[in-house]
Amino acid sequence: MSDRRAGDDQFDRCRLCGSPLSTSDERAASGFCSTGCRDIAAEFDASDDGDMRVGNGVDAQPEPGTDREQAATGRAAADDPDTVRTFLRVDGMHSATCEAFLEAVAEDHDGVTDAEASYVTETVRVDHDPNHVSAGDLEDALSTVGYTAYLREEATADDETGGTRRSREMTGIRKRRAEDMLEMRYVVGIVFGSFLLLPFVAVFYPMYLTEFTDWGAISHFESAFTGFSGPLYLPLFLIMTGAILYLTGGPLLRGAYVSLKLRRPTTDLLAALTIVSAYVFSIIVSGLGRNDIYFDLTIVVASIVMGATYYEATVKRRATDRLTDLTVSQVDTARFYADDGSTTEIPVADLESGDQVLVREGERIPVDGTLADGECAVDEAVVTGESLPVTKREGDPVVGGSIVTTDAAIIDVGERTTSSIDRLMRVVWNVQSADHGVTRRADELAARLAPVVLAAPVVVGVGSMLLGASALTTALAVLMTLMVVSPWALGFATPYSVATSLEEALERGIVVFDETVFERLRAVDVVVFDKTGTLTTGEMSVLEADAPDELLTAAAALEQRAAHPAATAIAETFDGGNGDADGTDADGAPRTDGGTATGGGLTVEEFHTHATGVEGIVDGQTVLVGHPDLFRERGWTVGDDLAAQLERAREGGRLPVVVGREGTAEGVVIVGDEPREAWGERVTALDDAGVDVVVLTGDDGPAVDVFGRHSGVDHVFAGVSPEGKTAAIRRMKADNRVAMVGDGTNDAPALAAADLGISLGSGTALAADAADVAIVDNDLAAVEQAFALAQAARDRLRQNLALAFVYNAIAIPPAVLGLVNPLVTTVAVVVGSILIAANAERSLIDD
């Protein structure tokens, strides 16, 4: 970037988050779009033009024509204007090794400039020239050695529009096929394996036992298979065990291939060494007519390891299923508004710039645009984080995904027929695809052990040859060494421990999407809370009322017909409970025609909606309810004492609603978004654990003063835009491990950018998609509990990794003494597996 361009960018955009600056705003002179961004920049001092600045990346909500907008909408932020960005979902990824392999596969193609993969989200992001390599070519290239790739836009089930995108991707037809294949592999291992193990249990194991004892009936098996005809039985065992090795053990063989190709040993490689060496050893000795065949080891190990993998996948699927009831912020259809006033419901994708859409009261605006006519109130909290609706007038911009709370709205579709939520989703995808998972602890251990495991058979082979053994005997010694030395159980202990940990978290209402969460959560030293809907309930309630009782009842009768959250709170609090309490037509739509109705024992003779309040005639008296500015606009009298009371309410971060009749304001109802129950205790618990607590909110300072007064809250930043939240997370991550707790779509980029994202159950679908952890209930205690689960899960995984060596501890001594046989290895497998499973099934934490 040239100096001139950099200078202009600093002048026109916020120095922290990259948001446009208004030249008429006095804050523009300081180079910040809000006091929140200014305070964050001062607290977390960083270079204005350094990498920490979100304006240089793709984290913030993009502006038209910028590099960030190009990145969010699919065009790579590159010098080549022909480069596009494609997002793919790839089934079969489960380790950092998979990430490196798929990145290498993508980058080997001409026209690909960059590739980023994440096994945490099972996604790959590729920047490429479509003239050289198409998205379809990338799908084909990445669908290799057992991986299945497909465009992320096409990953959802065709018949599903509800729930989170993550859950829809998990139930998409391709994902279902992948899971069906995994299930089929597991079933094959069980069915065919059980059939083949029958002769081992009935004959072979008793025969092998005679080598150690001649007790009772066991002695009758001593001469069994004395004349064992290997070539006669070889085809049966060879074919059926080979089928199990290929189908059930296929993912292990693929993982081994990938690890060898990248020279990164993993648990897949260790397990593959065991099952392949046992298979080859058995083929050789069968041909020699010997009866010490280890086909059972191949069958049992492959089935156990893949069973644990299937169990882990099943638990993850259950986790995503828990999110299907979350709020859906994206709109799939729009009500096209024709010139003659007629409406037709069409897919949002069919809208064109210049079209008009009708959005009724209570509905979401499908795309970004401008208000064509009149006034309405719009709740933009889903994108901006502001807890109160804002008034929109003719020509004002409206944000796709926001809700029309009063009156109907006719929207002129903008130049881009997408919503801000759609672009936020692309921003989240950008961050997610670059979110590399931490290397599994077991894989790290496998990498350290692999040289020892591979060196042992080499030493044995060399020693055997020096002692004059034949090539065949040496080969068998090498294979036997691999069978007993390779700690294959690491490949069982990890997925089984992960699955039981995820399942226990799920039972406690904590949805964890991948096993790396437990490791990352333990390392967190800063927790950032959004305010609205996270530390607060996100719902308006009446906190105080100072007005005549009969006037409050009349106000409730009018507010029953409005859709504003404050109106709902007033109606529910002061409704007398008689008459037509919902004030709706037969079809459920709010009545705004001035028709007569009753509510709370009063008769509403006329009703009118204003942008900031409601007005009507109740029992013959004109009643006005709404914002103080509405009273002034209507020429109603607001006394000095009442005006002072209103000002105090605003300073306290509350919303004052004035009530009056016959031209005079007579009282006020104070409503607000209340803090969640016991929020202070949760903050104190985190503070006691040595975790710093930060509060970020788009609301003004007075609305968050109550949080700033808590001794456990280290910093409170108010008036922060969604872009500023993401920038703040980036700055904090420079020196800390940061977790973000939020619930709104506007929080999604920050949730994705944090080291760990946590969304609450009342949150939006995009927030849940961006998060690593979702709290099913709106209980902040679950955040504290998640930290305890993370510590316990880590401890249990370490224990099970140690237990994974029980197999080797049992099998190696007999092998050294020349006493090993298939019964010994089977006993070692069973004992080790039972110990791991029993330990994994214990409760992580006490209730």
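Structure first, text after, so check above.
Residues numbered from 1 in each chain as written. Predicted model: local features only at pLDDT ≥ 70, side-chain atom pairs only at ≥ 80, totals over all residues. Heavy atoms only, no water.

K.L.:
Could you give an account of the overall build of the chain, naming the residues involved and the relevant values?
P.N.:
Regarding its fold elements, the chain presents 30 helices and 27 strands. Burial statistics for the chain: of 847 residues in total, 55% are counted as buried. Taking the intrachain contacts of the chain between residues at least 6 apart in sequence as the baseline, contacts between residues at least 24 apart amount to 67%. Surface accessibility of the chain: about 34,200 Å² in total, with carbon and sulfur atoms responsible for 51%. (Helix = DSSP H or I, 4+ residues; strand = E, 2+ residues; numbered from the N terminus. Buried < 20%, exposed > 50% of the residue type's maximum accessible area, 1.4 Å probe, protein only. Contact = heavy atoms within 4.5 Å. Areas by Shrake-Rupley, 256 points an atom, 1.4 Å probe, with all protein chains shown as cover.)

K.L.:
An account of empty space enclosed by the protein is requested, with residue identities and associated values reported.
P.N.:
Throughout the structure, instances matching the rule amount to 5 cavities of 30 Å³ or more. One number sums up the size of the second largest cavity: a volume of about 60 Å³. Contributing to the lining of the second largest cavity are His94, Ser95, Thr97, Cys98, Tyr147, Gly255, Val258, Ser259, Thr266, Thr267, Asp268 and Asp443. Mapped by element, the contributors of at least two residues to the lining of the second largest cavity are α4 (96–107), α9 (250–262) and α10 (267–287). Among the elements that take part in the lining of the second largest cavity, α9 stands out by supplying 3 residues, more than any other. (1 Å grid on protein atoms, 1.4 Å probe; cavity = no way out; pocket = protein on both sides within 12 Å on 5 of 7 lines; lining within 4 Å. Points joined across faces, edges and corners; volume = space filled by probe spheres on them.)

K.L.:
Can you explain the sheet that holds strand β2 (residues 112–118)? Please cite residues and give values.
P.N.:
A sheet is described by the order of its strands in space; here 4 strands give the open sequence β2-β3-β1-β4, paired in antiparallel fashion. Taken across any chain shown, the strands that pair with only one partner, and hence form the sheet edges, are β2 and β4 (148–151). For this sheet, the mean inter-axis angle between neighbouring strands, taken without regard to orientation, is 25°. For strand β1 (residues 84–91) and strand β3 (residues 123–128), the ladder comprises 6 bridges, and the chain directions are antiparallel. (Pairing = 2+ DSSP bridges. Axes fitted to C-alpha atoms, helices over the stretch in contact; angles between N-to-C directions.)

K.L.:
Run through the sheet that holds strand β23 (residues 692–696), naming residues and quoting values.
P.N.:
One open sheet holds the 7 strands; their spatial order is β14-β27-β26-β25-β15-β23-β24, and the pairing between them is mixed. Of all strands in the sheet, those with a lone pairing partner are β14 (510–512) and β24 (715–717), marking the two edges. Shown here is a sheet whose adjacent strand axes are inclined to one another by a mean of 20°, direction ignored. By the bridge criterion, 3 bridges tie strand β26 (residues 756–760) to strand β27 (residues 773–775) in an arrangement that is parallel. Counterpart to Leu760 in the pairing with β27 is Ile775. Set on the sheet, helix α28 (residues 781–803) makes contact with β14, β15 (526–530), β25 (738–742), β26 and β27; between it and β14 the angle comes to about 50°.

K.L.:
Outline the side chain of Ser282, supporting the account with residue identities and numerical values.
P.N.:
By secondary structure assignment, the location of Ser282 is in helix α10. The exposure class assigned to Ser282 is buried, which follows from its relative accessible area of 0%. At a separation of 2.6 Å, a polar atom in the side chain of Ser282 contacts the main-chain amide nitrogen of Tyr294. Ignoring sequence-local partners within four residues, the contact set of Ser282 consists of Ile293, Tyr294 and Phe295. (Polar contact = N/O pair within 3.5 Å; in protein donor to acceptor, adjacent residues only side chain to side chain.)

K.L.:
So what's going on with the nonpolar core? Residues and values would help.
P.N.:
One finds Trp488, Ile510 and Val527 to be the most contacted residues of the largest nonpolar core, which totals 107 residues. Sort the elements by how many residues they give to this core and helix α11 (residues 295–321) lands first, with 11 residues. In this structure Val527 touches Leu686, Val691, Asp692, Val693, Val694, Ala739, Val741 and Phe787, once residues within four positions along its chain are discounted. (Core = buried A, V, L, I, M, F, W, Y, C linked by side-chain atoms within 4.5 Å.)

K.L.:
I'd like a rundown of the packing of aromatic side chains, residues and numbers included.
P.N.:
Evaluation of the coordinates by the stated rule reveals 12 aromatic pairs. Taking the centre distance of 6.5 Å and the plane angle of 80° together, the rings of Phe101 and Tyr257 count as edge-to-face. Residue Phe101 is located in helix α4, and its partner Tyr257 is located in helix α9; the two are separated by 156 residues in the primary sequence. Under the relative-accessibility criterion, Tyr257 is labelled partly exposed at 42%. Aromatic pair Tyr311 and Tyr496: ring centres 5.4 Å apart, planes at 55°, arrangement tilted. Within this pair, whereas Tyr311 is found in helix α11, its partner Tyr496 is found in helix α16 (residues 490–507), the two being separated by 185 residues in sequence. (Phe/Tyr/Trp six-rings, centres within 6.5 Å; stacked < 30°, edge-to-face > 60°.)

K.L.:
Kindly report on unusual backbone geometry, identifying the contributing residues and their values.
P.N.:
For Arg263, which is not a glycine, the phi torsion comes out positive at approximately 60°. Among the secondary structure elements, Arg263 is positioned in the loop between α9 and α10. Taking the relative accessible area as the measure of exposure, Arg263 reaches 77% and is therefore exposed.

K.L.:
Got a sec to walk through the environment of Gly463? Specific residues and values, please.
P.N.:
One can find Gly463 in helix α14 (residues 441–466). Between the C-alpha atoms of Gly463 and Thr474, which are 11 residues apart in sequence, the distance is 8.8 Å.

K.L.:
Now, about the packing of α14 against helix α15 (residues 471–485): what can you tell me, with residues and values included?
P.N.:
At their nearest, the axes of α14 and α15 sit 9 Å apart, and the two run at 155° to each other. Viewed along their axes, α14 and α15 adopt a mutual orientation that is roughly antiparallel. In this structure, α14 crosses over α15, and the sense of that crossing is right-handed. Contacts between α14 and α15 pair Val453, Ala456, Pro457, Val460, Gly461, Ser464 and Met465 from the former with Thr474, Ala477, Val478, Thr481, Leu482 and Val485 from the latter. The residue inventory of the contact of α14 with α15, partitioned by class, reads 9 nonpolar, 4 polar and no charged. (Parallel < 35°, antiparallel > 145°, perpendicular 65-115°, else oblique. Left-handed = near helix turned anticlockwise from the far one by under 90°. Nonpolar A, V, L, I, M, F, W, Y, C, P; charged D, E, K, R; others polar.)

K.L.:
Break down the pattern of salt bridges for me, citing the residues and quoting the values.
P.N.:
Tallied over the entire structure, the rule returns 14 salt bridges. Ionic pairing is found between Arg290 and Asp292, a salt bridge with its closest N-O pair at 2.6 Å. The class of Arg290 is partly exposed, set by a relative accessible area of 34%. Classification of Asp292 as buried rests on a relative accessible area of 16%. As a salt-bridge pair, Lys725 and Asp530 come within 2.9 Å of each other at their nearest N and O atoms. Here Lys725, found in helix α25 (residues 722–733), pairs with Asp530, found in strand β15; they are 195 residues apart in sequence, far enough to count as distant. Taking the relative accessible area as the measure of exposure, Lys725 reaches 0% and is therefore buried. For Asp530, a relative accessible area of 4% translates into the label buried. Residues joined by salt bridges that share partners form a network here, namely Glu550, Arg661 and Glu666. (Salt bridge = Lys/Arg side-chain N within 4 Å of Asp/Glu carboxyl O.)

K.L.:
Tell me about helix α5 (residues 135–142), residues and numbers included.
P.N.:
Looking at α5, one finds that the buried residues are Leu138, Glu139, Ala141 and Leu142. Buried residues of α5 fall within an arc of 170° about the axis and therefore sit on the same side. As for α5, its buried residues are in contact with β1, α4, β2, β3 and β4. (Arc of directions from axis to C-beta.)

K.L.:
Give a detailed account of a negative patch on the surface, specifying residues and quantitative values.
P.N.:
A cluster of acidic residues, Glu677, Glu681, Asp777 and Asp779, forms a negative patch at the surface. Within the secondary structure, Asp779 is located in the loop between β27 and α28. Judged by its relative accessible area of 39%, Asp779 is partly exposed. (Patch = residues over 30% accessible without salt bridge, like charges linked within 9 Å, V, L, I, M, F, W, Y side chains within 5 Å. Lys, Arg positive; Asp, Glu negative; His and termini not counted. Charge placed at Lys NZ, Arg CZ, Asp CG, Glu CD.)

K.L.:
Lay out the side chain of Asp292 in plain terms, naming residues and giving numbers.
P.N.:
Mapped onto the elements of the fold, Asp292 is located in the loop between α10 and α11. Among the polar contacts listed, one links the side chain of Asp292 to the side chain of Arg290, at a separation of 2.6 Å. In this structure Asp292 touches Tyr208, Phe281, Val285 and Pro822, once residues within four positions along its chain are discounted.

In short, shape yes, function no, at least from these values alone.
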